[in-house]
Amino acid sequence: MISLGRRKTLLAATGLVALLLAPFGAAGASPDTGRPFSFERLVERAQQASRQAYVPPYRPAPDVVRRINYEEHGKLRFKTDQAPYAKPGQGGAYPVTFFHLGELFAKRVNMYLVRDGVAREFGYNPSLFEMPASSPARQLPRDSGFAGFRLQEWNGASDWRTQDWVAFLGASYFRSIGASGQYGLSARGVAVNPAVAGMPEEFPDFTEFYIEEQADPAAPVTISALLDGPSITGAYRFRLTRGLERTKGVTMEVESRLFLRRDVARLGLIPLTSMFWFGEYGHERINDWRPEVHDSDGLALWTGNGERIWRPLNNPAGITVSTFQDENPRGFGLLQRDRNFDHYRDGVFYDRRPSLWVEPLAPLGKGQVQLLEIPTDDEIHDNIGAFWVPAGEAKAGSQYSLHYRLHWLDNEPYPAENIAQTVATRIGRGGEPGKPRPADEYKFVVEFDRPSVMRQIPWGVFTEVVFSTSSGKVIRSFSEPVPGGNVWRATVDLSVEPERIAELRMYLALDGKPLTETWLYQFDRRNILPRP
């Protein structure tokens with residue numbers, strides 16, 4: 001099984017950190033006097049490392065770390081009183097707390113605090129953690145280091161000790177809360193060979209972090225990171241903005257430079273990772289009491305030519321990769337559009353999960369947005385990926401320079417005001433009520449809403465359903481307003497042979513002009529019917 005999420009199997013490996021990537025000071029050593037730091041120097045180190053053999057990150061005491069399982073790891077809590085910037089006046093607005101090593105996060109990540117262009121290592125010490133007397137963590141060496149870190153809320157807030165807003169943990173994964181204050185999907189530094197037949201996916205690591213804060217909570221927190229993996233190296237600079245108005249969500253301006261050590265079959269840039277078990281449709285509805293379970297419900301695209309596209313997610317019968325050719329896309333993202341608690345009915349608040357939108361700040365050129373969907377039988381697995389794959393082969397020696405902004409919000413940051421959005425996708429048996437249901441005929445019901453658009457439709461006028469399919473035959477199609485609101489519903493009955501997969505495309509139009517975004521869907525009857 002190919003894994004996209006934090007819940008992947010980590011292969012044991014040992015080795016020392018290469019001299020080029022060596023930390024500035026070791027935990028437990030005398031206080032670090034600091035060394036000059038700049039992002040440009042980090043880029044130079046990444047480029048130089050790409051010309052050398054890969055050396056895996058240090059894994060301290062693997063037998064001990066394996067015993068720090070999920071339950072034991074949960075007992076290791078960083079003492080907030082020991083957090084850098086815990087008190088106002090210490091030079092930073094957001095206290096930094098650190099994650100301990102554990103079974104799922106077994107590699108040392110070196111941490112540095114930067115001030116006035118000088119980086120000083122913040123070293124590991126077991127006394128920094130609340131740690132039960134029986135914890136296996138007490139047997140770790142003093143050079144063990146940390147697994148990751150997170151930023152707590154503003155140190156002037158009364159709840160900062162219990163509330164955090166961004167976390168970097170595991171390989172090159174990171175995530176943030178959105179405007180509703182809830183964690184959900186994740187982002188990554190890079191994806192290397194996801195879903196390539198006969199080839200395992202590679203998970204490069206952020207091996208060093210450099211944290212630079214300002215005293216003003218409205219100012220960005222600058223995080224620089226060194227990336228290293230068997231096939232790729234890189235340097236990243238994140239400018240994270242939270243501010244005091246929490247309901248505005250989180251933005252991250254990201255600059256990265258990537259260098260390939262060796263050829264890569266599928267290079268996924270700006271990758272997003274999420275979970276979709278089932279929504280208003282899908283075979284898994286019979287396996288859980290809740291109406292829907294997902295961190296994201298669709299991929300949104302704003303193409304280079306200005307088209308708005310919505311592609312509902314699938315929990316497929318087999319691993320699938322959908323490609324969307326484009327040149328200089330204006331944005332894409334994995335969104336959680338359904339914000340109605342009654343559509344989830346549980347206590348983990350899927351209705352509050354953030355949407356994540358990618359805004360390129362430098363042209364991406366020619367390439368593809370690729371959507372990766374992996375079968376899952378539970379909500380604990382991240383099974384959705386979306387990323388940009390640049391045109392051309394990713395060969396050893398290739399370099400990539402990226403500049404983009406990530407928006408962690410409830411909704412996409414730049415919605416089209418002149419077209420309606422998809423608000424629901426429903427799938428069922430085709431045919432008409434009260435009549436025999438034809439075999440191999442399916443009904444697709446798609447609902448669109450935006451009051452400012454739908455109110456333009458004159459009373460008694462019906463919109464046109466513009467529909468196309470790669471296979472099958474349209475039996476009937478029509479549109480109608482949904483009583484009690486501004487929602488319009490498009491209904492299409494499609495006859496599809498059992499073994500065929502149909503790529504569907506639809507939008508509503510009035511007087512030949514689109515009223516809605518373009519709805520795309522990959523229909524495979526195996527995704528709808530119950531599975532053995």
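1. Overview of the overall build of the protein chain
Counting its secondary structure elements, the protein chain contains four helices and 34 strands. Compactness check: the protein chain gives a C-alpha radius of gyration of 25 Å against a globular reference of 24 Å for 532 residues, within 12% of the reference. Taken along its principal axes, the extent of the C-alpha atoms in the protein chain is 80 × 50 × 45 Å. Within the protein chain, contacts between residues separated by at least 24 positions form 70% of all contacts whose residues are at least 6 apart in sequence. As displayed, the protein chain offers around 22,600 Å² of accessible surface, 50% of which is attributable to carbon and sulfur atoms. For the protein chain, the centre of its 62 positive side-chain charges and the centre of its 64 negative side-chain charges are spaced 3 Å apart.

2. Looking at the packing of aromatic side chains
Under the defined criterion, the tally for this structure stands at 30 aromatic pairs. With centroids separated by 6.1 Å and ring planes inclined at 75°, the aromatic side chains of F462 and W488 adopt a geometry described as edge-to-face. Within this pair, whereas F462 is found in the loop between α4 (451-454) and β29 (464-469), its partner W488 is found in strand β31 (residues 488-495), the two being separated by 26 residues in sequence. Directly above the ring of W310 sits R337, whose terminal nitrogen or CZ lies 3.9 Å from the centroid. We note R352 situated over the ring of F349; from NZ or CZ to the ring centre the distance is 3.9 Å.

3. Here we look at the nonpolar core
Counting 119 residues, the largest nonpolar core has F149, Y236, F238, L240, L406, W519 and F523 as its most contacted members. Apart from residues no more than four positions distant in its own chain, F238 is found in contact with F168, F174, F206, V221, T222, I223, A225, E253 and V254. Membership of the second largest hydrophobic core comes to twelve residues, among which are L42, Y112, L226 and A235.

4. A look at the pattern of salt bridges
Taken as a whole and assessed by the stated rule, the structure comprises 38 salt bridges. In this structure, the salt-bridge partner of D440 is R525, at a minimum N-O distance of 3.9 Å. Of this pair, D440 sits in the loop between β27 (421-429) and β28 (441-449) while R525 sits in the segment after β34 (518-523), placing them 85 residues apart in sequence. In this structure, a network of salt bridges that share partners links the residues E432, K435, E441, K443, R476 and D493.

5. Some remarks on helix α1 (residues 39-49)
Listing the buried residues of α1 in full gives F39, L42, V43, R45, A46 and A49. Take α1 and look down its axis: the buried residues cluster within an arc of 160°, on one side only. Residues of α1 that are buried in the fold lie against β12 (205-212), β13 (221-228), β14 (232-241) and β15 (250-260).

6. Section: unusual backbone geometry
Of note in the backbone geometry, Y85 takes a positive phi value of approximately 65° without being a glycine. Secondary-structure assignment places Y85 in the loop between β2 (77-78) and β3 (96-99). Exposure remark for Y85: the relative accessible area of 10% places this residue in the buried category. In this model, A195 sits at a positive phi of 55°, which is unusual for a non-glycine residue.

7. A few points about the sheet that holds β27
The sheet built from four strands is open, its strands ordered β27-β28-β31-β30 with antiparallel pairing. Bordering the open sheet on either side are β27 and β30 (473-481), each of which pairs with just one other strand. Sheet twist, expressed as the mean angle between neighbouring strand axes with direction ignored, is 15°. The pairing of β28 with β31 spans eight bridges and is antiparallel. Following the sheet pairing, F448 is matched in β31 by W488.

8. Considerations on the side chain of D346
Within the fold, D346 resides in the loop between β22 (331-335) and β23 (355-360). Reaching out from D346, the side chain makes a polar contact with the side chain of R290 at a distance of 2.9 Å. For D346, the contacting residues outside a window of four places in its chain are W289, R290 and F341.

9. Points about the confidence of the model for the protein chain
In this model, the protein chain carries an average pLDDT of 91, and 93% of its residues clear a pLDDT of 70 or more. Across residues 1-30, where pLDDT falls below 50, the model places 88 contacts with residues more than four positions away in sequence or in other chains.

10. Quick notes on the environment of D326
Inspection of the secondary structure assignment puts D326 in strand β21 (residues 320-327). Measuring from C-alpha to C-alpha, the distance between D326 and G365 comes to 8.3 Å, with 39 residues separating the pair along the chain. Setting aside anything within four residues of it in sequence, one finds D326 in contact with T303, G304, G365, K366, G367 and W388. A polar side-chain atom of D326 sits 3.1 Å from the main-chain amide nitrogen of G304.

11. Describing the side chain of Q522
Within the fold, Q522 resides in strand β34. By relative accessible area, which is 11% here, Q522 ends up buried. Within the local environment of Q522, its side chain forms a polar contact with the side chain of E503, the two groups lying 2.8 Å apart. With residues up to four places along the chain from it excluded, the contact list for Q522 reads R311, N314, T320, S322, I501, A502 and E503.

12. Structural notes on the pairing of β14
Burial of β14 is extensive: eight of the ten residues sit out of reach of the surface. Bridge count between β13 and β14: eight bridges; the pairing is antiparallel. Paired with L227 across the two strands is G234, which belongs to β14. Sheet analysis places β14 next to β15, joined by ten bridges and oriented antiparallel. Looking at β15, one finds that A235 is bridged to R257.

Cut-offs used in this document
- The numbers attached to residues start from 1 for each chain and follow its sequence in the written order.
- Reporting in this predicted model follows two pLDDT cut-offs: at least 70 for local features of residues, and 80 or more for side-chain atom pairs to be given and counted; totals over whole chains, interfaces and linings ignore these cut-offs and use all residues.
- Heavy atoms from the whole structure form the basis of all side-chain values; hydrogens and water molecules are not counted.
- Where helices and strands are cited, they refer to DSSP runs of H or I of at least four residues and of E of at least two residues respectively, numbered from the N terminus.
- Radius of gyration: C-alpha atoms only; globule rule: 2.2 Å multiplied by the number of residues to the exponent 0.38.
- By definition in these notes, contact holds between two residues if any of their heavy atoms fall within 4.5 Å.
- Throughout, the Shrake-Rupley method with a 1.4 Å probe supplies accessible areas, and for residues the shown protein chains are the sole cover considered.
- The charge count treats Lys and Arg as positive and Asp and Glu as negative. His and the chain ends do not count.
- Just so you know, the charge point we use is NZ for Lys, CZ for Arg, CG for Asp and CD for Glu.
- Put simply, two rings from Phe, Tyr or Trp (the six-membered ring, in Trp's case) pair if the centres are within 6.5 Å, and we call them stacked under 30 degrees between planes, edge-to-face over 60, tilted for the rest.
- Two thresholds decide whether a charge sits over a ring: the Lys NZ or Arg CZ must be within 6 Å of the ring centre and within 35 degrees of the ring normal.
- Here, nonpolar core refers to any group of buried Ala, Val, Leu, Ile, Met, Phe, Trp, Tyr and Cys residues whose side-chain atoms link them within 4.5 Å.
- Here's how the labels work: a residue is buried when its accessible area is under 20% of the maximum for its type, exposed when over 50%, partly exposed in between, all with a 1.4 Å probe on protein chains only.
- One side-chain nitrogen of Lys or Arg within 4 Å of one carboxyl oxygen of Asp or Glu is enough to make a salt bridge.
- When we speak of the arc, we mean the arc of directions from the helix axis to the C-beta atoms.
- A strand pair is defined by DSSP finding two or more bridges across the two strands.
- A fitted line through C-alpha atoms serves as each axis, taken over the contacting stretch for helices, and the angle formed by two N-to-C directions is quoted from 0 to 180°.
- A 3.5 Å cut-off defines polar contacts: any pair of N or O atoms within that distance qualifies, except that in protein one atom must be a possible hydrogen donor and the other a possible acceptor, and neighbouring residues in sequence count only when both atoms are side-chain atoms.
- pLDDT is a per-residue confidence score from the predictor, ranging from 0 to 100.

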